[in-house]
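# Structural description and commentary
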Amino acid sequence: MKYVAGLSGDRPTATTPAAGRSASVADLSTRDRVTQLLLERGATTAAQLGSALGLSPAAIRRHLDAMLADGDVLAREQTVRGHRGRGRPAKVFLLTDAARVRCGTHHYDNMATAALRWISRNGGAEAVEAFAADQVAALEARCRAAMEDAGDDPLARAEALAGALTAEGYAANASTIASGGQLCQHHCPVAHVAAEFPQLCEAETAVISRLVGTHVQRLATIAHGDGVCTTHIPTQPGRARSGKTVTTVRTDR
């Protein structure tokens with residue numbers, strides 16, 4: 001038997017481990033309600049949140065502290081216009097940009113897809129390819145700088161590239177396999193857009209080829225429904241030539 005604080009934040013109550021797990025689910029539900037209120041109201045005090053949700057000051061503070069620790073909210077002093085009474089102004093809480101994105105209030109993917117459709121209609125496939133190449137140019141430059149001391153071995157360069165891509169938010173790793181090497185990216189920031197415009201994947205694969213210094217094969221992509229973007233680096237490849245050095249091999253799921 002153990003004691004946990006109830007959502008009301010008043011007195012600890014006895015509970016079994018199974019009930020403790022239920023309390024965790026309830027906590028998550030309450031945090032969702034806090035998030036929704038902050039989304040609707042903007043900067044709000046703890047007292048206002050607690051009153052709207054029917055929570056005690058201790059309970060709402062517990063949830064806000066957890067959300068602060070997770071980077072979902074930030075706190076700042078309340079702006080007071082006109083005469084201000086004694087004492088420090090109350091703190092207000094508001095959602096961070098990352099929390100707002102998770103709420104689905106932004107539609108960058110839809111806008112990017114619409115923009116590429118317009119480019120495709122008015123400039124054709126070549127214009128889309130040029131746009132995709134231009135978009136990854138800055139990423140290539142940053143990764144190349146990060147790989148400056150990686151040497152010439154393609155597998156060593158792939159490992160260095162994985163570190164550079166991880167720093168860019170791609171959650172990448174490289175490994176050695178029987179037929180050479182493998183670069184895996186567990187996150188793709190443009191997956192939804194690339195599902196309709198594979199030129200984005202092709203431009204990225206061309207960048208990987210140039211940075212690793214050899215011909216590579218893209219075996220799978222998140223954009224096409226695979227769990228991971230996987231790029232194969234053959235054991236005895238020739239040097240990558242300028243221009244397109246991309247081989248894309250689609251694997252059935």
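Provided above is the structure to which this section pertains.
Overview of the structure.

Definitions and limits used
- Residues numbered from 1 in each chain as written.
- Predicted model: local features only at pLDDT ≥ 70, side-chain atom pairs only at ≥ 80, totals over all residues.
- Heavy atoms only, no water.
- Helix = DSSP H or I, 4+ residues; strand = E, 2+ residues; numbered from the N terminus.
- Buried < 20%, exposed > 50% of the residue type's maximum accessible area, 1.4 Å probe, protein only.
- Contact = heavy atoms within 4.5 Å.
- Areas by Shrake-Rupley, 256 points an atom, 1.4 Å probe, with all protein chains shown as cover.
- Core = buried A, V, L, I, M, F, W, Y, C linked by side-chain atoms within 4.5 Å.
- Salt bridge = Lys/Arg side-chain N within 4 Å of Asp/Glu carboxyl O.

### A short note on the overall build of the protein
- A tally of regular secondary structure across the protein gives eight helices and ten strands.
- Evaluated residue by residue, the protein yields a buried proportion of 34% over its 253 residues.
- When contacts within the protein are restricted to residue pairs at least 6 apart in sequence, those whose partners lie at least 24 apart make up 53%.
- Entry remark: accessible area of the protein is about 14,800 Å², with carbon and sulfur atoms responsible for 52%.

### Some points on the nonpolar core
- In this structure, L116, C143, L161 and L165 are the most contacted members of the largest nonpolar core, which totals 30 residues.
- Listing elements by their share of this core, those giving two or more residues are helix 5 (108-146), helix 6 (154-167), helix 7 (191-194) and helix 8 (199-212).
- If near-sequence neighbours (up to four positions away) are discounted, L165 is found in contact with L139, C143, Y170, A171, A172, L183 and Q185.

### Here's the deal with the pattern of salt bridges
- The tally for this structure, following the rule as stated, stands at seven salt bridges.
- In this structure, E196 engages R117 in a salt bridge whose closest nitrogen and oxygen atoms are separated by 2.8 Å. Separated by 79 residues along the polypeptide, E196 in the loop between helix 7 and helix 8 and R117 in helix 5 bring together distant segments of the chain.
- Since its relative accessible area comes to 38%, E196 is described here as partly exposed.
- Residue R117 is classed as partly exposed on the basis of its relative accessible area, which comes to 40%.
- Look at the salt bridges and you will find they share partners, linking R31, D70 and D72 into a network.

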